[in-house]
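Tertiary structure, described
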Amino acid sequence: MTTTEAAEVTPEASAPDAAPAAAPATGHDHGVHGYHKQKDEHLKRLRRIEGQIRGLQRMVDEDTYCIDILTQVSASTKALQSFALQLLEEHLRHCVADAATKGGDEIDAKVEEATKAIARMMRT
């Protein structure tokens, strides 16, 4: 399977009884977030990435050559990293910018939060 083929893999329907991954409790409000306007595009992108991961499962099941699997792992990793960067940019433009207009301790908290998120992304 080539990188192009893996990118074109469509995700299978999710099991109806599958529980969604729990989001970590952060104490943030649950109002409109920076990614809200692009939510549909983000979900479409994540489904495409899910399809890539399912493609990896099939490759392993079909005993595909290990280097070919590693190539697809790299493509999937890059897709997730790209998604994370876009989400981070939207967070900076919306949440951090909003905190900056409010001033006070909120801006310091949002900058620290964003800095920690960037540090986590750099470790991966």
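Presented here is an overview of the structure given in this document. Bear in mind the structure is a predicted one, so any value in this text is a computation, not a measurement.

Rules behind the numbers
Residues numbered from 1 in each chain as written. Predicted model: local features only at pLDDT ≥ 70, side-chain atom pairs only at ≥ 80, totals over all residues. Heavy atoms only, no water. Axes fitted to C-alpha atoms, helices over the stretch in contact; angles between N-to-C directions. Helix = DSSP H or I, 4+ residues; strand = E, 2+ residues; numbered from the N terminus. Parallel < 35°, antiparallel > 145°, perpendicular 65-115°, else oblique. Left-handed = near helix turned anticlockwise from the far one by under 90°. Contact = heavy atoms within 4.5 Å. Expected span 1.5 Å × (residues − 1). Buried < 20%, exposed > 50% of the residue type's maximum accessible area, 1.4 Å probe, protein only. Arc of directions from axis to C-beta.

**Regarding the packing of helix α2 (residues 39-61) against helix α3 (residues 66-102)**
At a minimum axis distance of 10 Å, the contact between α2 and α3 shows a crossing angle of 165°. As judged from the angle between their axes, α2 and α3 are roughly antiparallel. The interaxial crossing formed by α2 with α3 has left-handed handedness.

**Let's talk about the side chain of Ser76**
Checked against the element boundaries, Ser76 lands in helix α3. In contact with Ser76, other than residues within four places in its own chain, are Gln52, Ile53 and Leu56.

**Let's talk about the packing of α3 against helix α4 (residues 105-123)**
The geometry of α3 relative to α4 is characterised by a closest axis approach of 8 Å and an angle of 165° between their N-to-C directions. Relative to α4, the element α3 is oriented roughly antiparallel. Handedness of the α3/α4 crossing: left-handed. For the pair α3 and α4, contact is made by Ala84, Leu85, Leu88, His91, Leu92, Cys95, Val96, Ala99, Ala100 and Lys102 and by Glu106, Ile107, Lys110, Val111, Glu113, Ala114, Ile118 and Met121, respectively.

**Observations concerning α2**
Taking 1.5 Å of rise per residue, the 23 residues of α2 would be expected to cover 33 Å, and the 33 Å separating its terminal C-alpha atoms lies within 8% of that figure. Inspection of α2 places His42, Arg45, Ile49, Gly51, Gln52, Arg54, Gly55, Leu56 and Met59 among the buried residues, and these make up the whole buried set. After α2 finishes, the residue Asp63 shows a positive phi value of roughly 55°.

**Regarding α4**
Along its 19 residues, α4 runs 27 Å from first to last C-alpha, staying within 8% of the 27 Å computed at 1.5 Å per residue. Along α4, the residues that are buried comprise Ile107, Lys110, Ala114 and Ala117. Within α4, the buried residues cover an arc of 90° as seen down the axis, which keeps them to one side. In α4, those exposed residues whose orientation departs by more than 90 degrees from the buried face are Asp105, Asp108, Met122 and Arg123.

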